[in-house]
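# A look at the structure
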Amino acid sequence: MESPNLEFEYGDTDTLTAELSELYSYTEEPEFALNRDYFEEDFRSHGTVLRRWIELPAEEQRAYVMRLLDALEVTDRDKRLKVSRAILYLAQGAFDECDSEADVLRWSRHNVFLLYDMGIFTALLELLSMEIDNNQACSSAVRKPAISLADSTELRVLLSIMYLMVETIRVRTEDDGPEWKAAREAFRNELGASSPLYNGEPFALLLFTMVTKFCSMNAPHFPMKKVLLLLWKTTLFTLGGFEELQEMKVRRREQLDLPPLPEDSIRVVRAMRAASPPATAMELIEQQQQQQKRGRRSRRPLVKQDSLDTYNERDPFKNDDARDEEEDGEDADSGIEGEVDPLDRDVIIQPPPPPPPLRPPTERISFPKGLPWAPKVREKDIEHFLETSRNKFIGFTLGSDVETLVGLPRPIHESVKTLKQHKYVSIAEVQMKREEELQQCPLTLGEEEVEDTPAETLYLGMLPNLSQFVIALLKLLLAAAPTSKAKTDSINILADVLPEEMPITVLQSMKLGIDVNRHKEIIVKAISALLLLLLKHFKLNHIYQFEIVSQHLVFANCIPLILKFFNQNIMSYISAKNSICVLDFPHCAVHEMPELTAESLEAGDNNQFCWRNLFSCINLLRVLNKLTKWKHSRTMMLVVFKSAPILKRALKVKQAMMQLYVLKLLKIQTKYLGRQWRKSNMKTMSAIYQKVRHRLNDDWAYGNDIDARPWDFQAEECALRENIERFNSRRYDKNRNGDFAPVDNCLQSVLGQRVELPEDFHYSYEMWLEREVFSQPIQWEGLLQGP
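Residues numbered from 1 in each chain as written. Predicted model: local features only at pLDDT ≥ 70, side-chain atom pairs only at ≥ 80, totals over all residues. Heavy atoms only, no water.

Moving on, we get to helix α5 (residues 101-117). Here α5 contains 17 residues, and its C-alpha end-to-end distance of 24 Å stays within 8% of the 24 Å for a straight helix at 1.5 Å per residue. Taken residue by residue, α5 has Val104, Trp107, Ser108, Arg109, Asn111, Val112, Phe113, Leu114, Leu115 and Tyr116 as its buried positions. If you follow the buried residues of α5, they end up packed against α3 (58-71), α4 (77-91), α6 (120-132), α8 (153-170), α9 (178-192) and α28 (587-590). (Helix = DSSP H or I, 4+ residues; strand = E, 2+ residues; numbered from the N terminus. Expected span 1.5 Å × (residues − 1). Buried < 20%, exposed > 50% of the residue type's maximum accessible area, 1.4 Å probe, protein only. Contact = heavy atoms within 4.5 Å.)

Take a look at the structure:
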């Protein structure tokens, strides 16, 4: 069966309900009742027996939260855990007193803002720091043969409250009053700035440290899924999502006096529609056999079309005969905007018997003709075009001069005019040019004014340990990927999903199996979204910040890892049913639990695709695009790792945004795949032409100059690393101007400076004097004599 169009809307996150439900594993379900019991026990102990939480006036609610805050200060670990559970119950929306899921979310929002206002987050942060540094818990976890849910109880409760606070406050709603809006901004600044609360660093850095500690096997009991979700949401909250990024990009271009963006990329991508998916190998073989039986080629009048058709039979987009026309009808009006080439159309659209009903032609009229993206041209492209033209017509070149057109024929003038009309200068190019000037003239241009943005603060904190952070994230991504084999030495990411007692019945095993798969999917979702956010924000903040992160990713084998991830049955991954709706929060907290059976577990939900898995796939494709764009050596890595067939299989997913990023990756390597590949994949080439942005004089479809470009991976990456190191040294190295610093030549001021002496100096200075001064003969006469 042909896969249907997926009604998927890409965004920063899924719905709030879905995001909250993914925080909890299904094995944590009994803990909801535990949280409620501890809250009610504590609530009654304060003399409020006859009243419920939602009936209390605001002042009494504040007073009760203040009592909970005081109770967090006790030294008894068990008492602290009980109080933390009571706070978690409030953050979860006091669900026992609510009648519907909407009520739970409403009260959760009310309680979270109240908890933040009373300073609970700061207290939780101190407890979290204590738990991270709890060496006893770490060492006992390291010695255990099997780690379970019980080993991370305190950490899970603390991280759950913090996640609920970050995610709830982050999401804007229409009902937010001015107080809540002010609280959101204050919380955002508190999380993103170099706050003294977090050792003078952003909160995300503490979570990154947890990730590296876990991956170095020093703390295998850390609940990694919760840490990664909180890290992703904190980064999203402090740095901003995709739409905020677009607004920041527009503002930054205005500041740099660059022309506005030719279009809003988010809107263009959302307006796109999917193309038909490729066929399987079996369908292609059947199609060839049927064509041979009918002897269709003997009826073809044109030789040229015949030769195209020969290759079209091996077309990866082509499906069997019973669907040819339907698909191509779909193709022409469904999202590959613009017309198919008439010659190509004659080949592609061949009416097989019996013809399926086509859509009415009126539907086709409603879509605008033309290509979705405005074409772009770089300064380099214009220079290269003029250099070639001058060599051809005049016999010499003028370097980087793009204004002088003397001696060139009229069509070249027209071409240059068209190229300049579509010239696009990126923020990255301006930043690189500015950096080059600062390196050449450090004294005349003076200090660079660096804007103190949240991205700048985060980069500054991450820089010393950047490679460890990147490697740790990729290790976790590898461990959570569905294509990874279970190895004994790989990281155990299931510590916060496995129960203390392993399942006995088949039903329990099925439930745990679904839980484990869901757990891995959520980890992939969090890491893919986090990596993409970091790359996009660092690129906007400064191109060399982006380049160092992307280079660490490349050196840590991110490119083959993502390709390995896609080397699976991607349709089954996207339509996976690893969720049990009745166990999702807040549904499970409000409604009576129906009896679970093997049949109900197997059935899963009714959605045609899994939102988080499609989201993860698009994120990973976007990361791969970011790593390889304009990097010849990395594009060659895609070719060497044989990514084309893997990426073509991903085109089976009928979702326009995912197809766009797959086609972009295929486009950059098309010229290196050979003429035969291009002939065999004409429909893929057509889809690239119609969906991906054009670079006016890019010969991606022909590959004329590939022999002239050697593949020297090391030289390209070394040159890039040199630029990055110069940038980091200039901007962040405190002793960068040591050669130009003034020297104090005054004897009195030099001798009068206080010198910090080491602690052991007082014990050994007499021995040092005896050995180095008193026992050495000094030639005083030699000092008096002139040189």
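Don't stop here, the text continues.
Here the focus is the confidence of the model for the chain. For the chain, per-residue confidence averages 83 on the pLDDT scale, and 84% of positions sit at 70 or higher. Overall, residues 296-368 carries pLDDT values under 50, and its contacts beyond four positions in sequence, including any with other chains, amount to 141 contacts. (pLDDT = per-residue confidence, 0-100.)

A few words on a nonpolar patch on the surface. On the surface, a cluster of nonpolar side chains totalling about 340 Å² of accessible area is made up of Phe393, Ile394, Phe396 and Leu398. One can find phenylalanine 396 in the loop between α19 (379-393) and α20 (410-421). (Patch = residues over 30% accessible without salt bridge, like charges linked within 9 Å, V, L, I, M, F, W, Y side chains within 5 Å. Areas by Shrake-Rupley, 256 points an atom, 1.4 Å probe, with all protein chains shown as cover. Salt bridge = Lys/Arg side-chain N within 4 Å of Asp/Glu carboxyl O.)

What follows concerns the side chain of threonine 212. Relative to the helices and strands, threonine 212 is located in helix α10 (residues 203-215). On the accessibility criterion, threonine 212 (18% relative accessible area) is buried. If sequence neighbours within four positions are ignored, threonine 212 has contacts with Gln468, Phe469 and Ala472.

What follows concerns the packing of aromatic side chains. For the coordinates displayed, the defined rule picks out 33 aromatic pairs. Look at phenylalanine 39 and tryptophan 53: their rings are 6.2 Å apart centre to centre, the planes differ by 85°, and that puts the pair in the edge-to-face class. One end of the pair, phenylalanine 39, is in helix α2 (residues 30-45); the other, tryptophan 53, is in the loop between α2 and α3, with 14 residues separating them in the sequence. Considered together, phenylalanine 39 and tryptophan 53 belong to a single accessibility category, that of buried residues. Measuring from centroid to centroid gives 5.4 Å for phenylalanine 565 and phenylalanine 566, while their planes differ by 80°, and the two rings are edge-to-face. Of the two residues examined, phenylalanine 565 and phenylalanine 566, each falls in the buried class. (Phe/Tyr/Trp six-rings, centres within 6.5 Å; stacked < 30°, edge-to-face > 60°.)

Looking now at the packing of helix α21 (residues 427-440) against helix α36 (residues 713-732). It is at 11 Å that the axes of α21 and α36 come closest, and there the two elements cross at 65°. For the element pair α21 / α36, the angle class is roughly perpendicular. For the pair α21 and α36, the sense of crossing is left-handed. Each of Glu435, Leu438 and Gln439 in α21 lies in contact with α36, whose residues at this interface are Arg726, Phe727 and Arg730. When its residues are assigned to classes, the contact of α21 with α36 shows two nonpolar, one polar and three charged. (Axes fitted to C-alpha atoms, helices over the stretch in contact; angles between N-to-C directions. Parallel < 35°, antiparallel > 145°, perpendicular 65-115°, else oblique. Left-handed = near helix turned anticlockwise from the far one by under 90°. Nonpolar A, V, L, I, M, F, W, Y, C, P; charged D, E, K, R; others polar.)

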